Amino acid sequence: MDQRRRPGGDATRVVIAHGSPAGRYALRLLVDAEPGIETVAVTAQATEGGRLARAHDADFLVLSEQLLAVGRPGLMPASCAVVVLGLEDHPAAAAAAKARGARSYVLWDRAAEDLPPVLRRAAQPFAAA
């Protein structure tokens with residue numbers, strides 16, 4: 001399986017930004033259960049998520065759709081992909097996330113199945129998972 005790795009064999013680094021404490025906790029459990037993938041920071045704000053992604057040289061910022069609607073993560077490292085967790089199973093929701101800079105759109109109720117493969121992809125174009 002293609003595990004995204006940083007030079008030197010380090011794990012894929014993920015920042016989680018979700019407005020709900022329960023959402024942040026669930027996402028952290030999900031991410032950290034995957035071999036070769038680790039959570040490096042967690043926040044409740046989109047702008048802080050962007051700052052943390054820069055500070056930790058993260059590979060991914062996993063951001064809730066609600067946070068993306070009220071704030072932008074700001075300047076992101078070129079190597080950091082934004083993955084939006086959404087509630088709407090509609091192509092327009094994925095298109096709106098892409099328009100705001102997301103590489104992937106994952107439905108929250110399918111996150112356990114769909115998020116890990118997204119985080120294992122290396123540099124892929126935008127995909128609605």
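Structure first, text after, so check above.
Residues numbered from 1 in each chain as written. Predicted model: local features only at pLDDT ≥ 70, side-chain atom pairs only at ≥ 80, totals over all residues. Heavy atoms only, no water.

Chemist: Please explain unusual backbone geometry as it appears in this structure.
Modeler: Only a minority of non-glycine residues have a phi that is not negative, and only a minority of peptide bonds are not trans. For Asp-57, which is not glycine, the phi dihedral falls at a positive 50°. Assignment of secondary structure puts Asp-57 in the loop between α2 (46–55) and β3 (60–64). Look at Asp-57 and you get partly exposed, because its relative accessible area is 35%. (Helix = DSSP H or I, 4+ residues; strand = E, 2+ residues; numbered from the N terminus. Buried < 20%, exposed > 50% of the residue type's maximum accessible area, 1.4 Å probe, protein only.)

Chemist: Hey, could you run me through the nonpolar core in this one?
Modeler: Counting residues in hydrophobic clusters, the biggest one holds 22 residues, and the most contacted among them are Val-15, Leu-61, Leu-63, Val-82, Val-84 and Tyr-105. If you list the elements that add at least two residues to this core, you get β1 (12–17), β2 (37–43), α2, β3, α3 (65–70), β4 (81–86), α4 (91–99) and β5 (102–107). If we skip the residues at most four places from it in the chain, Leu-61 touches Val-15, Ala-17, Gly-49, Gly-50, Pro-73, Met-76, Cys-80, Ala-81, Val-82 and Val-83. (Core = buried A, V, L, I, M, F, W, Y, C linked by side-chain atoms within 4.5 Å. Contact = heavy atoms within 4.5 Å.)

Chemist: Teacher, can you tell me more about the pattern of salt bridges here?
Modeler: Between side chains of opposite charge, a pair can form as their charged atoms come close. Summed over the entire model, instances satisfying the criterion amount to 5 salt bridges. Salt-bridge contacts for Glu-38 lead to Arg-13; the nearest nitrogen and oxygen are separated by 3.8 Å. Separated by 25 residues along the polypeptide, Glu-38 in strand β2 and Arg-13 in strand β1 bring together distant segments of the chain. (Salt bridge = Lys/Arg side-chain N within 4 Å of Asp/Glu carboxyl O.)

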